[in-house]
Amino acid sequence: MSVSLTKGGNVSLSKQAPGLTAVTVGLGWQTNTGCDLDAGALLCDPSGKVLSDQHFVFFNNLTSPDGSVRHSGGGSAVGGDDQQIQVDLALVPDRVTKIVFLLSLYEAASRGQSFGQVHRAHIRVLDREAGTELARYDLASGGMSGETALVVGELYRHGAEWKFRAVGQGYASGLAGIATDYGVNVLRDTPPNSAPSNSAPASTPAYVPPAAPTPTVVSPPPPAFAPTPQPTGSSPMTCFFDPDHGPGTTTVTWSPQWGVPRPIQTCGGCAQRVQSTPPPFYTPPQQGYPQPAPQGCPQQGHGQPYADHHQQQGGGRRFGAGALIGAGAAGLVGGALLSEAFDDDEPDVIVNNYYEE
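Residues numbered from 1 in each chain as written. Predicted model: local features only at pLDDT ≥ 70, side-chain atom pairs only at ≥ 80, totals over all residues. Heavy atoms only, no water.

Our next topic: the confidence of the model for the protein chain. Any segment with low pLDDT has predicted coordinates that should not be analysed in fine detail. Across the protein chain, pLDDT averages 73, with 60% of residues at or above 70. A low-confidence stretch, residues 188-212 (pLDDT under 50), is modelled with nine contacts involving residues beyond four sequence positions or located in other chains. Segment residues 348-357: pLDDT under 50, and nine contacts once partners within four positions in sequence are set aside and those in other chains are kept. (pLDDT = per-residue confidence, 0-100. Contact = heavy atoms within 4.5 Å.)

Looking now at helix α3 (residues 174-182). With respect to burial, α3 is a largely interior element, seven of its nine residues being buried. Buried within α3 we find G174, L175, A176, G177, I178, A179 and Y182. Buried residues along α3 sit in contact with β4 (37-44), β5 (56-57), β8 (98-105), β11 (149-158) and β12 (161-171). (Buried < 20%, exposed > 50% of the residue type's maximum accessible area, 1.4 Å probe, protein only. Helix = DSSP H or I, 4+ residues; strand = E, 2+ residues; numbered from the N terminus.)

Core analysis: the largest hydrophobic core is formed by 43 residues, its most contacted members being L13, L27, V87, I99, F101, L155 and F164. Taken together, the elements giving at least two residues each to this core come down to β3 (22-30), β4, β7 (83-88), β8, β9 (119-127), β10 (133-138), β11 and β12. If near-sequence neighbours (up to four positions away) are discounted, L27 is found in contact with A39, D81, D82, Q83, I85, L102, L103, H122, I123 and V152. Core analysis: the next-biggest nonpolar cluster, separate from the first, contains 16 residues, F56, V151, I178 and Y182 among them. (Core = buried A, V, L, I, M, F, W, Y, C linked by side-chain atoms within 4.5 Å.)

The sheet built from six strands is open, its strands ordered β2-β12-β11-β8-β4-β5 with antiparallel pairing. Each edge of the open sheet is held by one strand with a lone partner, namely β2 (10-12) and β5. Bridging between β8 and β11 involves seven bridges; their strand directions are antiparallel. In the sheet register, F101 faces β11, and the bridge partner there is G153. With respect to the sheet, α3 is in contact with β4, β5, β8, β11 and β12, its orientation differing from that of β11 by roughly 30 degrees. (Pairing = 2+ DSSP bridges. Axes fitted to C-alpha atoms, helices over the stretch in contact; angles between N-to-C directions.)

Below is the structure:
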């Protein structure tokens, strides 16, 4: 015998049909406005939330992952039911404490429809093996002019029993509202006047791909000292006469007092002195060369090389006879001093690798 329920009422299906293992849940409705309704089922855990999105059984997901709940689809009405959902109670996972059954209006917002246009909706539970009706809940007509989705009833565990409760809770927010309460993501109803447009709204900027990040150039810290400017192509060698003068930028021929003329690199100032001073060029003591006793003229550093005492081509200097006589006198004095030194009664000395007394 079927039990007729009112909103909030419940019945023990296990007592109605001892040994019950499978049920058929039928949902039906009547409408003359072209409303398109869909039935669904949510398999929920003790917290009241759906186990996963795959545990929401509806027209796009007709079977739960465990196979315990199966949707019949949107075929022809059967026994007065527009859609039916099969439940194998023995296959329902232990963590599922209740199965919630719902109805929703397809595209209700865009079509301007609500459950106020649905007449004589019902949900009923049948013993699948015997085919007998165990419980039934008929929703009252009217009073739901703003609702677009509805939780109709639920199967739930009560100890070792399976019971059924009539719920009848409407949602003005549609299927999205039910999804929010039970923790499942579904396609939301399309809002009115939201048909796709060929042009984007003026307030919505067009999508622009993000530009490639601009590399950050990190400049090296400035040196602790300001280096002496050096022309392009100059030598990195320092000035021959004094390393503190800066890099050698000019090549000149240097004629030392002792030795043969040779090219050297000097700074600009030293190069000018070498080019403006008559040779031989007296410089500070140089390693490897004997140094004469100071003469009457100061040591100077620099001048153009020369091969003889004649006038050079292109406007060179002419050296007078006085300079030559002075140089000769200095040589005679030096020779006399050396002769006097060798006449001393000192032991034999080695000069140029041979003995001389």
